[in-house]
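The primary structure of each chain is shown beneath.
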Amino acid sequence: MNLYKGILKITTVFVVIFLLASCDEDFSTIGGEIIENPAGVQLREYDVNAYTVDLKSVQTNVGFSSGQSVQNLKLLGVYNHPVFGQKTANVLSQVRLGTTSPEFPEGAVLDSVILNLPYFSTEVVEDGETEYELDSIYGSGGFRLSIRESRYFLNNLDPSEDFERAQKYYSDQQSLFEQFLTDDNIYVNENFVPSPNRIRFIGENDEGEADTTYTAPALRVNLNKDYFQQKIMDKEGSAELSSMSNFYDYFRGLMFKAEPRGNTGSMILFDFSRSDAGIKLYYSYEDETENDEGETIAEKAIDSLGIRFGANIVNTFEGEYPAELQENIGSNSENLYLEGGEGMIGVIELFNDGDLEDLKSENLIVNEANLEFYINKDLMNGATTPKRLYLYDINNNSVLVDYGDLNSRSNDPLNARTIFSSLPETNESTGETKYTLRITQHVINLIENGTTNVRLGVVVTSNIEQLANVSVRESTPELSGDNNLEMVPASSTITPEGVVFYGSNASNEDTRLKLRVYYTSTDL
């Protein structure tokens, strides 16, 4: 490119940026009709090949980075989606002793065993009263919840890889784990419904007076006391409790199992790694102390032993898609289906070779390139829509260059990276709702830098700031060629939300999935 064309390109870019930022009525909204545009920005629309892939088996024993710590996020419950049908999420978790070789005072009596799993919630204070709004709960009905001991050993390292790599466990292994469950329930609730009520504690203050305190809402229930008496208290001084490795082999895990009750249910996202998540064994004993007169008296003392959840925790999913939905899997159909959990992703192939070569041969400045996904409300049946979408490079299991926009907010993922991936936008006049994924630099690299035209994957996500990927063991269809579907974003596995978009074969031109490229020609 000669010096004159280079200067012209730079000048045009600044002019376009200025116009996009202004409120000039000649160019009010990019993507709308362009009338009397002094910068000469033009629009081309390209058909894309988009189809739905069903994830049959996806890795779920992964953690999620959160600042300096790791969250172990898992779904539990039953969710009845109006489009994707009924899905059940179960959890199998390692457990570990808070203290190895625990010693209990003579005459100690186990009073209660309490499980505590806090919900995600927000504190709201109105008129001096504290209430809570629950978050990350899908649906509002009840489901059968049971907890049983598992005798399946969850390996941290993979024996088939000479114990050099982490062991992977998958979403479709529930039937395997079921074979290793004990017969007796440690806990069962025939109709469990998450409650927003705060947890009340009645105790004594430093002056010995009755005192009431509160904590945020949680799944807080009594577990079978006799079971833990035999499993833990009666094992005092044994080899089973003497080390963490021995304990992992002795008490191999707990299965949290959800079962539907008709067509109702709710699914809850828990963080099993929280410091206040786990099980506590509360026991009492007589403690001899001296009173003010120097007399020895016996007082009742209460203490506890904690059991935490281990690092290896597996989410399993069960459920079938409706027949009419299965017909759209793997086809270049009128609709594109996306669902979290073990669910569905979209695969997008940009440009055919002729279109891309034509673009390369022209003197163009690409100002913006967007993929616009319009929701098919007629097929959503009133379902809530996902908060965000995430687009990535399937061939290399990596982020796109456009992901690195300046709107990174690790503490506010809902509103993060909205330049790259917009929040859902509804047109007031048409009622259509769309998501916009901007891939401007990706398209520029294809045209100017000769980068490979890779397949793209689009998923629903509950946290666009999370970049970890998880393995895919089986999918329908399997992607052809050398670049099979090997991994998907982990953040898509921790939400059961789903959405139906108009696909690349939709009959309505206005809502059909296309690539929209806004450009300026530098030809004089």
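All values reported here derive from a predicted model rather than from experimental measurement. (Residues numbered from 1 in each chain as written. Predicted model: local features only at pLDDT ≥ 70, side-chain atom pairs only at ≥ 80, totals over all residues. Heavy atoms only, no water.)

## Points about the sheet that holds strand 1 (residues 42–47)
Here is step 1: Spatial strand order, 1-31-22-26-25: 5 strands in an open sheet with antiparallel pairing. Every other strand in the sheet has two partners, leaving strand 1 and strand 25 (425–426) as the edge strands with one partner each.
Here is step 2: As defined by bridge partners, strand 25 adjoins strand 26 (residues 433–438) across 2 bridges and the pair is classed as antiparallel. Opposite E425, over in strand 26, you have K434 as the bridge partner. (Pairing = 2+ DSSP bridges. Helix = DSSP H or I, 4+ residues; strand = E, 2+ residues; numbered from the N terminus.)

## Observations regarding a negative patch on the surface
Here is step 1: A contiguous patch of negative charge on the surface is contributed by E126, D127, E129, E131 and E133.
Here is step 2: It is strand 9 (residues 129–135) that provides the largest number of residues to the negative patch, a total of 3 residues.
Here is step 3: Note that E133 resides in strand 9. (Patch = residues over 30% accessible without salt bridge, like charges linked within 9 Å, V, L, I, M, F, W, Y side chains within 5 Å. Areas by Shrake-Rupley, 256 points an atom, 1.4 Å probe, with all protein chains shown as cover. Salt bridge = Lys/Arg side-chain N within 4 Å of Asp/Glu carboxyl O. Lys, Arg positive; Asp, Glu negative; His and termini not counted. Charge placed at Lys NZ, Arg CZ, Asp CG, Glu CD.)

## What to know about the side chain of S492
Here is step 1: Position of S492 among the secondary structure elements: in the loop between strand 29 (487–489) and strand 30 (498–502).
Here is step 2: Classification of S492 by relative accessible area gives buried; the value is 4%.
Here is step 3: Ignoring sequence-local partners within four residues, the contact set of S492 consists of G340, G341, V459 and V460. (Buried < 20%, exposed > 50% of the residue type's maximum accessible area, 1.4 Å probe, protein only. Contact = heavy atoms within 4.5 Å.)

## Here's the deal with the pairing of strand 11 (residues 143–150)
Here is step 1: Most of strand 11 sits out of view: 7 of its 8 residues are buried.
Here is step 2: Of the strand pairs in this sheet, strand 11 and strand 12 (residues 181–192) are connected by 6 bridges, and their pairing is antiparallel. In the sheet register, I147 faces strand 12, and the bridge partner there is Y187.
Here is step 3: Both strand 11 and strand 16 (residues 254–259) contribute to a ladder of 6 bridges, which runs antiparallel. Counterpart to R148 in the pairing with strand 16 is M255.

## What to know about the confidence of the model for the protein
Parts of the prediction with low pLDDT should not have their coordinates interpreted in detail.
Here is step 1: Per-residue confidence for the protein averages 88 on the pLDDT scale, and 89% of its residues sit at or above 70.
Here is step 2: Across residues 1–38, confidence stays below pLDDT 50; counting only partners more than four residues off in sequence or on other chains, it has 34 contacts. (pLDDT = per-residue confidence, 0-100.)

## What about the pairing of strand 7 (residues 109–118)?
Here is step 1: Strand 7 sits mainly inside the fold: 7 of its 10 residues count as buried.
Here is step 2: The sheet contact formed by strand 7 and strand 18 (residues 278–290) spans 7 bridges and is antiparallel. Residue pairing in the sheet places L115 in a bridge with I279 of strand 18.
Here is step 3: Where strand 7 meets strand 15 (residues 218–222), 5 bridges bridge the pair, whose relative direction is antiparallel. In the strand pairing of strand 15, L117 is matched with L219.

## A closer look at the side chain of H81
Here is step 1: Here H81 is to be found in strand 5 (residues 73–81).
Here is step 2: Only 3.3 Å separates the side chain of H81 from the backbone nitrogen of F84, close enough to count as a polar contact.
Here is step 3: Filtering out sequence-adjacent residues up to four positions away, H81 remains in contact with A383, P496 and G498. (Polar contact = N/O pair within 3.5 Å; in protein donor to acceptor, adjacent residues only side chain to side chain.)

## Digging into the environment of V401
Here is step 1: The residue V401 is located in the loop between strand 24 (398–399) and strand 25 in this model.
Here is step 2: Those residues within four positions of V401 in sequence are excluded, and the remaining contacts are Q441, H442 and N445.

## Here we look at the pattern of salt bridges
Here is step 1: A complete count under the given rule lists 21 salt bridges for this structure.
Here is step 2: Of the charged contacts, one joins D249 and R252 as a salt bridge, the two residues approaching to 2.7 Å between their closest N and O atoms.
Here is step 3: For R252, a relative accessible area of 27% gives the class partly exposed.
Here is step 4: Overlapping salt bridges bring together E45, E372, K434, E509, R512, K514 and R516 as one network.

## Brief notes about unusual backbone geometry
The phi torsion of most residues other than glycine is negative, and most of the peptide bonds are trans.
Here is step 1: Look at the link from T476 to P477: it is a cis peptide, with omega at -5 degrees.
Here is step 2: With respect to the helices and strands, the residue P477 is situated in the loop between strand 28 (469–476) and strand 29.
Here is step 3: A positive phi is found at D127, a non-glycine position, where the angle reads about 55 degrees.
Here is step 4: As for its placement among the helices and strands, D127 is situated in the loop between strand 8 (120–126) and strand 9.

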